[in-house]
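Understanding the architecture of this molecule
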Amino acid sequence: MPRSVSLATTIAGSSLTSCLYNASGPLCTTSEELDALGNSEAGAILSKSATLEPRAGNPEPRYVETAWGSINSMGLPNEGYRYYLEYARRAQSFGKPYFMSVSGLSHDDNIEIVRALAGEAAISAIELNLSCPNVPGKPQTGYDFEQSRALLERIFEYVDQPLGVKLPPYFDLPHFDMMAAVLNDFPIAFVTCVNSIGNGLVIDVQAESVVIKPKSGFGGIGGDFIKPTALANVRKFYTLLREDIAIIGCGGVKTGEDAFEHILCGASAVQIGTQLMREGVDCFARIAGELSTIMQAKGYRDIDSFRGKLKSLD
Ligand code: RRO
């Protein structure tokens, strides 16, 4: 990385030496995977969305890579929140923030988990997942504005650490306004835009079949196709939310140029999902190098020099 360039950022009061880290989901479920993130150039460690109790998740095959990205219906496989709480102490040795993703199966579960995490200083922040598309029978909370408000009202009675939310992608402009009106009423530290585009379908023409087993083949779409949607969501929430709410971009980031685009739209940090699955933790150093080269060529010394400064044509 060119010396004159800094990729440092601050999220929820925590300093990150690199604005690039993992999306919750790929390669962050076991302590070995979390250690690998700790030893990599990722700016933070974010754990797999945790439920109250451990879950095996949906039947396999449940993740398939395609030429353009991925489809998944993992179904929230995770070790249960106690495991990720316990891991927080070990995470400290890496000298970078440790964020915990929480995705209780009910409002009560989410409350119970955030109450249990209270007082644990080694958890730098909580990313509350309002957007898992893959648990049969459980709608995505983020698409129900009243439910989102009701959950946040209860969560903020109990939560101790700074809290952000992981949102599903929105596609209709009034929906951005409606969700922003909810979020602006709470002391939210950050929003992560976006989760996978829910319930897509990938087909194997040779076999005349779907490619993943759960939910008749329907699953969350990640990768190249979701970048324009992710950028739109980052941009919209950057313009609609209070200034103190950081935006974290997630969706379609394979290169330094992709990360640059997210930051230009307003992202203070950028998460990597499908590409992390494909390439492993070396993606963080590679993308950091590419982003630094772009910044140096443009004369930007840090990400605040261009964050949010996307130009319009009018
Ligand atoms: O585990 C999953 O199936 C999953 C989750 Br929790 C999520 O938030 N997003 C996604 O694409 N898959």
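Description of the structure in this document.

Looking at the overall build of the protein chain
- Assigned secondary structure in the protein chain consists of nine helices and 16 strands.
- The C-alpha radius of gyration computed for the protein chain amounts to 18 Å, which stays within 12% of the reference 20 Å derived for 314 residues, consistent with globular compactness.
- Seen through its C-alpha atoms, the protein chain measures out along the principal axes to roughly 55 × 50 × 45 Å.
- By the burial criterion, 56% of the 314 residues in the protein chain qualify as buried.
- Put simply, 74% of the contacts in the protein chain that link residues at least 6 apart link residues at least 24 apart.

Structural notes on the site of the ligand
- Lining the immediate environment of the ligand, one finds Lys48, Asn72, Met74, Gly75, Leu76, Pro77, Asn129, Cys132, Pro133, Asn134, Asn195 and Ser196.
- Between an oxygen atom of the ligand and a side-chain N or O atom of Asn72, the distance comes to 2.9 Å.
- Asn195 has a polar side-chain atom sitting 2.8 Å from a nitrogen atom of the ligand.
- For the ligand, whose accessible area on its own is 320 Å², the fraction buried by protein is 93%.

Describing the packing of helix 7 (residues 256-265) against helix 9 (residues 283-298)
- Running from N to C, helix 7 and helix 9 point in directions that differ by 65°, and their axes come no closer than 7 Å. The two elements helix 7 and helix 9 meet at a crossing, and its hand is right-handed. Within the contact between the two elements, helix 7 uses Gly256, Glu257, Ala259, Phe260 and Ile263 and helix 9 uses Ile287, Glu290, Leu291, Ile294 and Lys298.
- Per-class residue counts for the contact of helix 7 with helix 9 are six nonpolar, one polar and three charged.

Some words on the side chain of Thr51
- Tracing the backbone shows Thr51 in the loop between strand 4 (45-46) and strand 5 (63-65).
- Looking at Thr51, its side chain comes within polar contact range of the main-chain oxygen of Glu53, at 2.7 Å.
- Excluding residues within four positions of it along the chain, Thr51 makes contact with Leu76, Asn78, Gly80, Tyr81, Ser103, Leu105 and Ile113.

Analysis parameters
- Residues numbered from 1 in each chain as written.
- Predicted model: local features only at pLDDT ≥ 70, side-chain atom pairs only at ≥ 80, totals over all residues.
- Heavy atoms only, no water.
- Helix = DSSP H or I, 4+ residues; strand = E, 2+ residues; numbered from the N terminus.
- Rg over C-alpha atoms; globule rule 2.2 N^0.38 Å.
- Buried < 20%, exposed > 50% of the residue type's maximum accessible area, 1.4 Å probe, protein only.
- Contact = heavy atoms within 4.5 Å.
- Near = heavy atom within 4 Å.
- Polar contact = N/O pair within 3.5 Å; in protein donor to acceptor, adjacent residues only side chain to side chain.
- Areas by Shrake-Rupley, 256 points an atom, 1.4 Å probe, with all protein chains shown as cover.
- Axes fitted to C-alpha atoms, helices over the stretch in contact; angles between N-to-C directions.
- Left-handed = near helix turned anticlockwise from the far one by under 90°.
- Nonpolar A, V, L, I, M, F, W, Y, C, P; charged D, E, K, R; others polar.

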